[in-house]
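Reading the structure
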Amino acid sequence: MTILLWLIKNTKTEIKIVLATLAVLIFLPIVSVVVVASSGVQLVGDALAALNPITHLVEIFDTEGNVIGEVELTTNWPTRGYISDEFGSEQQFRLDWGLGAHTGIDIANQNGLIGEPVTPFMTGTVLFVDQVDDSACGINVKLQHDFNITSTYCHLSSAVNIAPTTEVHPGDIIGYMGSTGASTGPHLHLTTAVYGIPINPRTFLVGEPEGSTVVVPTF
Ligand SMILES: [Zn+2]
């Protein structure tokens, strides 16, 4: 009996060790990836685009850290509304949906209505207009800017059919706020990227967007 108890006790210990080892092996990579995803996005982004505090210009770097271009800060928010989710956030629904840290910034319509016009945050050319709601981004428009900067406007209710390579400017309407794709309600998701790596849009955009223009129906 004593031997049996000893065996059970020690077996349990071994099982505990095995389980603990397995747990570490299983969860460590996930924890590592999540940590890298949440802190790394911003760190990598800072190495590619950062505000020069002396010139007040946003400097774009190459992979060796050389400045390849400078762009001016802008107040040209792509739509009206309020910031409902910041870049890099990890809201619970993202984890539930198996998504990583937020790769852009969300601007939601105060009134929860679709239709707020969407405009380029800086001058660029159209890379593509995706009218098919078959991805997490939903109906979306992607623009090319100077110095390998791109911007993507997701979850549109509809996109204006503009031919690729057409130049578009802040103030031009490229689409309308909606809730297509992986979206929890009407909002615009703006991704700004350098070399395809998401950068916090607030690196380029100062202040806050203006309030909504879409009027709440009174009936
Ligand atoms: Zn978003």
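Everything numeric in this text was worked out from a predicted model, so none of it was measured. (Residues numbered from 1 in each chain as written. Predicted model: local features only at pLDDT ≥ 70, side-chain atom pairs only at ≥ 80, totals over all residues.)

What follows deals with the overall build of the protein. Along its length, the protein carries 2 helices and 13 strands. By residue count, 32% of the 219 residues in the protein fall in the buried class. Sequence separation of 24 or more characterises 66% of the internal contacts of the protein that already satisfy a separation of 6 or more. (Helix = DSSP H or I, 4+ residues; strand = E, 2+ residues; numbered from the N terminus. Buried ≥ 20, exposed ≤ 12 C-beta atoms within 10 Å, placed from the backbone. Contact = placed C-beta atoms within 7 Å.)

Moving on, we come to the environment of Ala182. When you line up the elements, Ala182 lands in the loop between strand 11 (175-177) and strand 12 (187-194). Owing to 16 C-beta atoms within 10 Å, Ala182 belongs among the partly exposed residues under this scheme. The spatial distance from the C-alpha of Ala182 to the C-alpha of Trp97 is 9.4 Å, given a sequence separation of 85 residues. Those residues in contact with Ala182 that lie beyond four places of it in its chain are Trp97 and Ala136.

Pairing within the open sheet is antiparallel, and its 3 strands lie in the order 1-2-3. Edge positions in the sheet fall to strand 1 (49-51) and strand 3 (67-72), since each has one partner strand and no second. Taking each pair of neighbouring strands and ignoring which way they run, the sheet shows an average axis angle of 25 degrees. Two elements, strand 2 (residues 57-61) and strand 3, share 5 bridges in a ladder whose sense is antiparallel. The residue of strand 3 that forms the bridge with Glu59 is Glu70. (Pairing = 2+ DSSP bridges. Axes fitted to C-alpha atoms, helices over the stretch in contact; angles between N-to-C directions.)

A few words now on the environment of His145. Summarising the element assignment, His145 is placed in the loop between strand 8 (139-144) and strand 9 (149-159). By the C-beta count within 10 Å, which is 21 here, His145 ends up buried. Placed 21 residues apart in sequence, His145 and Gly124 show a C-alpha to C-alpha distance of 4.5 Å.

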